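Structural features, examined
What follows is each chain in one-letter form.
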Amino acid sequence: MTESRRLSLILAAAVLALAAIFAGPYVLDTYSVNVLTRSLLYAAVALTVDLLWGYLGILTFGQSVFFACGAYAAGLVFTHMDFTPGNAALALALGIGAAVFTAAIVGWLAFWHGASALYASVITLVLPIVATQLLYSGGTFTGSSSGLSGFTSFDLSTEAWFWLAGSFLVAMTTLAYIFVQSDAGRLLVAVRENEQRCKYLGLNTSRLKIRVYLACAVIGAVAGYIYAAYAMVVAPELAGFVFGTELVIWTALGGRGTLLGPVFGALIVDYESAQLSGNFPFIWQLIIGTVFVLVIVAFPRGLLPMVFDLPRRLLGLVRPRGDVARPARVALATLATLDAAQTQGAEVGNGPALAVTGVAKRFGSLTVLDGIDFKARAGELVSLVGPNGAGKTTLMRCIADGAERSAGTIIVNGHDIGSRPPEACVAFGVGRKFQMANVFETLTVAECLQIARARHARPSLWRRANILPLPEAAMHVIATTGLDRQLSTPAHLLSHGLKQALELSMVLALEPRVLLLDEPTAGLTKTERMQIGAILIDLTKKQGLCVLLVEHDLDFVREISSRVIVLHQGRIVLDGSVEEVVASELVKQVYAGSGHAGIAHETAPKTGGQEVPA
Amino acid sequence: MIAQTLDIVTTAAILYAVATGLLLVFGVMKIINFAHGGLMTLGGYAALVTTQAGWNPWLAIPVAALFGGVAGMAIERFVVRPLYARPLDAILATWGLSIIIGQVITIAFGRGVQFTQAPLSGTLDLFGESYSAYRLALVGIAAALGLALTALLQGTRLGLETRAVIMNEDLARGLGINSALVRFLTFTLGAALAGVAGALITPLSSVDPNMGVPWLVNAFMLVLVSGASLLSLLVACLVLGGAQVLVATHFSPVLGGLTIAVLAAVILRIRPKGFARD
């Protein structure tokens, strides 16, 4: 299916939905039209809950507040000022402004580097509570607990309001649908799946979250504005925690991460509530609560995916097994190799590619690294060896994340990393491959690679690229390991070795200047290992990368390294050429695990004023 | 001045009693039990039933513990257990349970506000102030709860196993501790404590089907700033409860109601560990 065909199908579905909205008032009774107008607006807010929770993984209880921002802006302006077209525009602007302002504060509080998912949820929980209390304490200005009513508003017919609310919902749903299916939208899922990997791929996840959050706040505010203008009444409950959780309930029932599920969830539950709550108010709530718990426990994907699965299952009963293969995910058509002249663009700089001075890392009273000093030039392949617990991985972590170390300075390509987060270190040219393969498990190989390129090629907000250009080195790893035949395989189905290769190619796709590899060949066969070794040598020699490699296999180290650093109990005990290290009695002792005291004694004077020439 | 100090101490005691059950569950299971509010409501109605039956109002406490505990057993077995791997979903599912409890109570007892008989009435003269005897008694009850829980955690084999599960569940399981049983007992105990808290607060306010909900958020915030320690919970209750009393008396009661939630959110932003030590 071509890209334009895919987009026109979505638009065709949107036109059909608009036609259904248009027909609505002609087939429904007035009461239903009235109720559904409200439900359509609620559904637009539920849509934002799904974007945040279903796609981005932020469970939010506070979307009601943005709805109330828009609603109260309209209510306040129309109550305290005259209703004029100018004031109507002013109210809309105020509503959106208030929502954006609130969302910015929440975003700053909830999405900083290192904030947990639970903390973000906590903030969105506090938000509606604060907002309702402020509305309660507003006296006659906000109407306190009874809210505002009796203000003048747009003079539109019931049908027109229904059409307006419906068109707004269809437009927002279509836009959201196109967005989440686009290359940029896939980043949302990547952040939900593995935020850490995203940061180490140079993506500013906090900024991404705040942007999506701001956009969702605007959608909520506009929905609230239409609501107030239509209903001509606003109440503090609109901002409340209960409405906020109802939105989450509708989203969960419909099916998080499906967009259409939450929309239908909101429409059906809110409409039925209005129909049934008159006769059986408590029973209805009880049923909703019970179904909600059941769905969360037993069907976390929600009800819409089940409805969609039903015909497929029925088909499966009729047709012979194996015939109803899941439709293959639309894969990227092709990979392409970038011109080598265009890659590894970051300036090499004059000084060493990597300069580590006096770096220490302590966990409380435990010192894991102490007085680490070394420099590495571009074009060097430095192996970091040492027994388990020597601090090799910790050192890698300190170089790739400015907030990790307890003391010392780290300069990458002439930039002091200070206490900057991983994505800033990536921008200076650091690329880190983790010890355990760290990829986006539910995304396909091609999608993983594409996310790794997002830093260089700004992903489209509405389209899907079908050609993915990658630097030569990444392409080389992909071709060598056969990953190019598995581009549409979800990463969690790959073998351990292929996952390692995938992560390595993702890191290489970043075009790093300083490459940190934590046992990149663990789990690979001897041949693959030698191929990776050849690629690494090529990278350092031809492209001038500085590679820092943690490796246990000393034969492999001997074959590819230009220099070896031996780490033991958090200190550098030896820093020299491959020959020196291999011949060293000390290294044998370290690896054999004998004579710890002797080593400490021997190295104590060495680490003091040592400045090993790079 | 003395009245205000007493206000702060008694408020902290009430908050402590309300939050311990939640803290216990969060500490062991890393799960926020949003049914805590609903279980408190259940405890409140247990107290109502007890006093309406003409029993001694003090009996409300064990009855509420029984109600809460039995409900907790069912909740752990059927709802929380499948959700250990999905902590955010557990918040939602327990919130759904809160709705269910509220609606069942509404159907059984009606929507109206009801009052229970306080086990202690009148005032006590303390430092020249005459102060509500029941509020003062709550300080003793909260202290007794805290001490009993500490003794349970520090002095018994179950407590040792519970602390092991808190620190490193995988390792604890590897050492042969039945962590599923520890979780089950913890949740039951947490739910029983929620019931007790509900029974304790009813003489101060009234009983209605949503009485637990306003307490839930404050208790939740207190637990988050305390980590998993009963001691830091005490500190958090005193500091934040004190701030609440001061803001409510000197500025406005509405702002006072927000103090705990807002302060806790800011504290967590600045210091993610909150009041917990390293």
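Here the structure is a predicted model, which is why all the values come from computation and not from measurement. (Residues numbered from 1 in each chain as written. Chains lettered and ligands numbered in written order. Predicted model: local features only at pLDDT ≥ 70, side-chain atom pairs only at ≥ 80, totals over all residues. Heavy atoms only, no water.)

1. Details of the overall build of chain A
Selection criterion: Counting from the N terminus, the helices are the DSSP runs of H or I reaching at least four residues and the strands are the DSSP runs of E reaching at least two. For this analysis, residues touch if any pair of their heavy atoms sits within 4.5 Å. Note on areas: these come from Shrake-Rupley sampling with a 1.4 Å probe, and a residue is covered only by the protein chains present in the view.
Secondary structure summary: chain A contains 24 helices and 14 strands in total. Referenced to the eigenvectors of the C-alpha coordinate spread, the extents of chain A come out at roughly 90 × 65 × 45 Å. Within chain A, contacts between residues at least 6 apart in sequence are counted, and of these 76% link residues at least 24 apart. Of the accessible surface of chain A, which amounts to about 25500 Å², a share of 61% is contributed by carbon and sulfur atoms.

2. Some remarks on empty space enclosed by the protein
Rolling a probe over the atoms, with the probe sized like a water molecule, indicates the empty space that remains. Residue and element names in this part refer to chain B. Filter applied, for reference: Note on definitions: the grid is 1 Å and covers protein atoms alone; a cavity is a set of points where a 1.4 Å probe fits but cannot get out; a pocket is an open set with protein on both sides within 12 Å along at least five of seven lines; lining residues have an atom within 4 Å of a point. Grid points are joined across faces, edges and corners, and a volume is the space filled by probe spheres set on the points.
Taken as a whole and judged by the stated rule, the model has three cavities of 30 Å³ or more. Size it by volume and the largest cavity reaches roughly 70 Å³. As for the largest cavity, its lining consists of 14 residues, and the residues nearest its centre are Pro57, Ala60, Pro119, Ala199 and Pro203. Put simply, the parts of the chain that give the lining of the largest cavity at least two residues each are helix H2 (36–52), helix H3 (60–80) and helix H8 (179–201).

3. Observations concerning the sheet that holds strand E8 (residues 415–416) of chain A
Residues and elements named next belong to chain A. Which entries qualify depends on this criterion: A pair of strands is considered paired only if DSSP assigns at least 2 bridges between the two.
An order of E5-E4-E7-E8 is seen for the four strands of this open sheet, with the pairing classed as antiparallel. At either margin of the open sheet sits one strand with a lone partner, and together these are strand E5 (366–376) and E8. Strand direction decides the pairing type here: strand E4 (residues 354–363) and E5, joined by seven bridges, are antiparallel. Directly across from lysine 361, in E5, lies its bridge partner leucine 369.

4. Some thoughts on the packing of helix H1 (residues 3–27) of chain A against helix H7 (residues 158–181) of chain A
Helix packing geometry: the angle between the two helix axes and the distance between the axes. Residues and elements named next belong to chain A. Cut-off, in case you're wondering: All axes are obtained by fitting lines to C-alpha atoms, using only the stretch in contact for helices, and the reported angles, taken between N-to-C directions, cover 0 to 180 degrees. Under this scheme an angle from 65 to 115 degrees is roughly perpendicular, one under 35 degrees roughly parallel, and one over 145 degrees roughly antiparallel; angles in between are oblique. Throughout, a crossing is termed right-handed when the near helix is turned clockwise from the far one, and left-handed when it is turned anticlockwise from it by less than a right angle.
Across the interface, H1 lies against H7 with an axial gap of 9 Å and an inter-helix angle of 165 degrees. Here H7 runs roughly antiparallel to H1, going by the angle between their axes. For the crossing formed where H1 meets H7, the hand is right-handed. Between H1 and H7, the contacting residues are Arg6, Leu7, Ile10, Leu11, Ala14, Ala17, Leu18, Ile21, Phe22, Gly24, Pro25 and Tyr26 on the first element and Glu159, Phe162, Trp163, Gly166, Ser167, Val170, Thr174, Tyr177, Ile178 and Gln181 on the second.

5. As for the nonpolar core
Under the convention used in this document: Among buried residues, those of type Ala, Val, Leu, Ile, Met, Phe, Trp, Tyr and Cys that are joined through side-chain atoms within 4.5 Å constitute a nonpolar core. Here's how the labels work: a residue is buried when its accessible area is under 20% of the maximum for its type, exposed when over 50%, partly exposed in between, all with a 1.4 Å probe on protein chains only.
Among the nonpolar cores identified, the biggest contains 239 residues, and A:Leu502 and B:Met221 are the most heavily contacted of them. Looking at which element gives the most residues to this core, the answer is helix H2 (residues 30–55) of chain A, with 16 residues. With residues up to four places along the chain from it excluded, the contact list for A:Leu502 reads A:Val439, A:Val445, A:Cys448, A:Leu449, A:Leu483, A:Ala491 and A:Leu494. The next biggest cluster of nonpolar side chains, apart from the first, holds 32 residues, and it includes A:Leu384, A:Met396, A:Val430 and A:Cys546.

6. What to know about helix H12 (residues 260–276) of chain A
For clarity, the cut-off: Here a helix's expected span is defined as the number of its residues, less one, multiplied by 1.5 Å.
Under the 1.5 Å per step criterion, the end-to-end length of H12(A) is 24 Å for 17 residues, consistent within 8% with the ideal 24 Å. What H12(A) keeps buried is the set A:Gly261, A:Pro262, A:Val263, A:Gly265, A:Ala266, A:Leu267, A:Val269, A:Asp270, A:Tyr271, A:Ser273 and A:Ala274.

7. Remarks on the UniProt feature "transmembrane region" (unreviewed entry) in chain A
Residues and elements named next belong to chain A. As a reminder, the rule being used: UniProt positions are given in the numbering used here, feature names are shortened, and annotations may be inferred rather than shown by experiment.
The feature "transmembrane region" (unreviewed entry), as given by UniProt, occupies residues 39–58, 65–83, 89–111, 118–136, 160–180, 212–235, 247–269 and 281–304 in the numbering adopted here. This span, residues 65–83, is 84% helix and 0% strand, and a straight line between its end C-alpha atoms measures 24 Å. Secondary structure within residues 212–235 divides into 83% helix and 8% strand; the distance between the first and last C-alpha atoms comes to 27 Å.

8. A few points about the pattern of salt bridges
As a reminder, the rule being used: For this document, the term salt bridge refers to a Lys or Arg side-chain nitrogen within 4 Å of an Asp or Glu carboxyl oxygen.
Scanning all chains against the criterion turns up 24 salt bridges over all chains. Several salt bridges share partner residues, and in doing so they unite A:Arg377, A:Glu380, A:Arg563 and A:Asp575 into one network.

9. Some points on the packing of helix H4 (residues 85–110) of chain A against helix H5 (residues 117–136) of chain A
Residues and elements named next belong to chain A. The test is simple: When residues are sorted by character, Ala, Val, Leu, Ile, Met, Phe, Trp, Tyr, Cys and Pro go into the nonpolar class, Asp, Glu, Lys and Arg into the charged class, and all the rest, Gly among them, into the polar class.
It is at 9 Å that the axes of H4 and H5 come closest, and there the two elements cross at 145 degrees. In the packing of H4 onto H5, the handedness of the crossing is right-handed. For the pair H4 and H5, contact is made by Thr102, Val106, Leu109 and Ala110 and by Tyr119, Ala120, Ile123 and Leu127, respectively. Of the residues that constitute the contact of H4 with H5, the class distribution is seven nonpolar, one polar and no charged.

10. Examining the interface of chain B and chain A
Threshold: Put simply, buried area is the surface a 1.4 Å probe can reach on two separate parts but cannot reach once they are joined, added for both.
Each partner contributes residues to the interface: chain B has 36 residues there, and chain A has 35 residues. Where chain B abuts chain A, roughly 3100 Å² becomes buried across the two surfaces, and 84% of that area is made up of carbon and sulfur atoms. A per-residue breakdown of the area chain B buries against chain A is headed by B:Leu88, B:Leu92 and B:Arg269, which together make up 22% of the total. Counting across the interface, chain B meets chain A through one salt bridge. The residue B:Asp89 makes a salt bridge to A:Arg256 at a minimum N-O spacing of 3.1 Å.

11. Some details on the sheet that holds strand E6 (residues 381–385) of chain A
All names here are of chain A. Taken together, six strands build an open sheet; the order of strands is E9-E11-E12-E6-E13-E14 and the sheet is mixed. Single-partner strands in this sheet number two, and they are strand E9 (430–433) and strand E14 (571–576). Across this sheet, the average inter-strand angle for adjacent strands is 15 degrees, counted without regard to direction. Direction of pairing for E9 relative to strand E11 (residues 514–518): parallel, over a ladder of four bridges. Each residue of the ladder has a partner; that of lysine 433, found in E11, is leucine 517. In this fold helix H15 (residues 392–400) packs onto E6, E9, E11, strand E12 (546–550) and strand E13 (563–568), with an angle of close to 150 degrees to the strand it touches most, E11. Where helix H19 (residues 496–509) meets the sheet, it contacts E9 and E11, and its direction lies at approximately 175 degrees from that of E9.

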